[in-house]
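Chains, contacts and geometry: an overview
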Amino acid sequence: MGMTIAQKIIKKHLVSGEMIPGQEIAIRIDQTLTQDATGTMAYLQFEAMGVSRVKTEKSVAYIDHNTLQSGFENADDHRYIKTVCKKHGVYYSRPGNGICHQIHLERFGKPGKTLLGSDSHTPTGGGIGMLAMGAGGLDVAVAMGGGEYYIVMPKIVKVNLIGKLNPFVSAKDVILEVLRQLTVKGGVGKVIEYFGEGVKTLSVPERATITNMGAELGATTSVFPSDEITREFLKAQDREEDFIELYPDEDAVYDEEITVNLSNLKPLAAKPHSPDNVEQVEMIGKIKVDQVCIGSCTNSSYMDLMKVAKILKGKTVHPDVSLSIAPGSKQVYNMLALNGALADLIACGARILECACGPCIGMGQSPNSKGISLRTFNRNFEGRSGTKDAGIYLVSPETAAASAITGVLTDPTTLDIPISVSMPEKFLINDNMIDAPAEENNDVEVLRGPNIKPFPINEKLSESIDKNVVLKVGDNITTDHIMPAGSKILPYRSNIPYLSKFCFAVCDEEFSERAKEQGGGFIIGGQNYGQGSSREHAALVPLYLGIKAVIAKSFARIHRANLFNSGIMAIEFIDESDYDKIDLGDNIILPSIISDIENGNEITIENKTKGYTFKGRMELSDRQKEIVKAGGLLNYTKNNN
Ligand code: MIC
Ligand code: SF4
């Protein structure tokens, strides 16, 4: 039987397990990436493993999230990452060089390779035919140490692209359409593979926009074929030697299939507060806009910003709008500066930000109260922008630029501005902001600031657990709800005790205090609990607060793994009506948890307050069972060394 692209890459990297959807497999990781908001924790964990040098083909650390330095914390963390990387064989991309996913695509990604990143948008690399996945920092640390990465063998969804995009309709509209069809949980346990005649009409940056936002589908990853267009891109990046051709076999079998006709697409927007709340821009109507932000790892490529510059050339940003633009990388920024496009952006009144995540992670540019902000980003969760009552719309760069001029949400196809932008034959190559690691690690001193506090480590699991429900939440809880980001909190990513004050604050301001007072307990969740960011802080902080288990209707992939890695149990309701019967404060007992785990996957749960017993499910591989019993992956690894 023929194979799909993802199956081919998995087969080449398979260490153990069978490639049967739903079964746990282990794969070898060729490359890793970290960013600074998850990186400190990942390198602390790497150090705790006692491996002297990374064992991957290439590992790169990027500084892009915590670039606002309003205290010593971020600068200290950067210095720690810089020195720890130098010592242990990791390339270091300095602040100012740009956003991890954009740079990795430009300078390091290779078709056919596996990439594991401590950031959920790592699948951006699927735009050049990599199997690129997001994970928690600990999983990335293990991969850097040469350990395999465990995933559930995914199902493969074929997205058949036909036709060709019309002018002013863009790659962002393609992925918004896929999100409209499949929703934020439609990709769980699946790889999304793009196929069909429409593929060759899309450039690599456009493909990368689409695979980037596959994260919002909850997918394991997304991937495009590696074809002549990929070769041209790599050649223009001066690395044609990294190219290999990669197509699915003609008789490849897919588990599901959907078709998107590019010719029929219209500009789309994801309305507040979910990336799958998608509607046509024209149908939403001309709502008044307060802010427009262009950038992020989804839409900050040279091609994207050239289109924006052409739309804005000779115009002025509407008086009621604040427009900010953050180029994705120094390469992009520098090229815009050299060809004059930057001058057009400045002249129209755009506020040019440094090449970094910036407003996407709430590092500045929070909208005004009840403000409407159009963003070319990938997430519009409530509160993520830093303004709780703001309404964030996710749109294409074309829609963003058009609306910045008119001051209202504007369908860019209605503007009469002919623009054409073509891929450069050669990108500007200058890797002077990427530091190579030291040859020998003995004399490199790792510098740590006072903000770095020890991370919590769980205890061995005990047979019976008796605690209260300290929080009950609904469906689609994101890791941004669990552990918010933003400029005030992000500097403390290496300080779990401090972070714990903000845990779940968006949903329930008293949660943190309540959990501490009661010595921890249980969290009850709905569908798709833990979607969104890969931040393992969303598991480490609840661990610090004493959370023993999350009992939910279903879990998102990366967060589920992060919970188990930290030794918190992720238990699913077998009968979802049991969710309705539990209330905040109920006393819950797991009377025989170790025996239950050993005997299968059914967990007995007693609700003492309500006086009844029900069953939960925890499907674990033998290895995961041992991890949970040991109280997390670090304990398990230590026990086995
Ligand atoms: C995000 O977009 O939410 C982040 C910030 O990039 C996260 C990682 C983090 O929380 O540090 C992600 O997507 O994984
Ligand atoms: Fe950075 Fe935003 Fe991309 Fe996350 S989604 S990596 S915060 S640009």
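Small disclaimer: the values here were computed from a predicted structure and weren't measured.

Turning to the pattern of salt bridges, a few remarks are in order. All told, the structure shown has 31 salt bridges when counted by the stated rule. Here Arg-107 makes a salt bridge to Asp-431, at a shortest N to O gap of 2.9 Å. On the criterion of sequence distance, the pair formed by Arg-107 in helix 4 (residues 100-108) and Asp-431 in the loop between helix 13 (397-406) and strand 20 (434-435) is long-range, its members being 324 residues apart. For Arg-107, a relative accessible area of 13% gives the class buried. For Asp-431, a relative accessible area of 34% translates into the label partly exposed. Its salt-bridge partner being Asp-508, residue Arg-514 comes within 2.9 Å of it at the nearest N-O pair. Asp-508 matches Arg-514 in its accessibility class, with the two residues each being buried. Through salt bridges with shared partners, a single ionic network connects Lys-110, Arg-239 and Asp-242.

Let us now look at the pairing of strand 3 (residues 31-34). By the alternation rule, side chains of strand 3 split into Gln-31 and Leu-33 and Thr-32 and Thr-34, which are all buried. Looking at chain direction, strand 3 and strand 4 (residues 58-62) are connected through 4 bridges and run parallel. When the sheet's bridge partners are listed, Thr-32 is paired in strand 4 with Ser-59. Taking the sense of rotation as the criterion, the β-α-β connection linking strand 3, helix 2 (residues 36-49) and strand 4 turns out right-handed. Inspection of the sheet shows strand 3 paired to strand 6 (residues 114-117) by 3 bridges, in the parallel sense. Residue pairing in the sheet places Thr-32 in a bridge with Leu-116 of strand 6.

A few words on the site of ligand 1. In the vicinity of ligand 1 lie 14 residues, with His-65, Asp-119, Ser-120, Ser-534 and Arg-535 positioned nearest. With respect to ligand 1, the side chain of Ser-533 contributes an N or O atom lying 2.9 Å from an oxygen atom. In this structure, Ser-534 approaches ligand 1 through a main-chain N or O atom, which is 2.7 Å from an oxygen atom. Taking 330 Å² as the accessible area of ligand 1 by itself, protein coverage stands at 97%. In the shell around ligand 1, the residues fall into 2 nonpolar, 7 polar and 5 charged.

Looking at the element boundaries, Glu-73 is found in helix 3 (residues 72-88). In this structure, Glu-73 is buried with no salt-bridge partner, the nearest side chain bearing the opposite charge being Lys-453 at 9.0 Å. Those residues in contact with Glu-73, other than ones at most four positions away along the chain, are Asn-451, Pro-491 and Tyr-492.

Cut-off values and rules
Residues numbered from 1 in each chain as written. Chains lettered and ligands numbered in written order. Predicted model: local features only at pLDDT ≥ 70, side-chain atom pairs only at ≥ 80, totals over all residues. Heavy atoms only, no water. Salt bridge = Lys/Arg side-chain N within 4 Å of Asp/Glu carboxyl O. Helix = DSSP H or I, 4+ residues; strand = E, 2+ residues; numbered from the N terminus. Buried < 20%, exposed > 50% of the residue type's maximum accessible area, 1.4 Å probe, protein only. Pairing = 2+ DSSP bridges. Right-handed = clockwise from strand over helix to strand, strands pointing away. Near = heavy atom within 4 Å. Polar contact = N/O pair within 3.5 Å; in protein donor to acceptor, adjacent residues only side chain to side chain. Areas by Shrake-Rupley, 256 points an atom, 1.4 Å probe, with all protein chains shown as cover. Nonpolar A, V, L, I, M, F, W, Y, C, P; charged D, E, K, R; others polar. Lys, Arg positive; Asp, Glu negative; His and termini not counted. Contact = heavy atoms within 4.5 Å.

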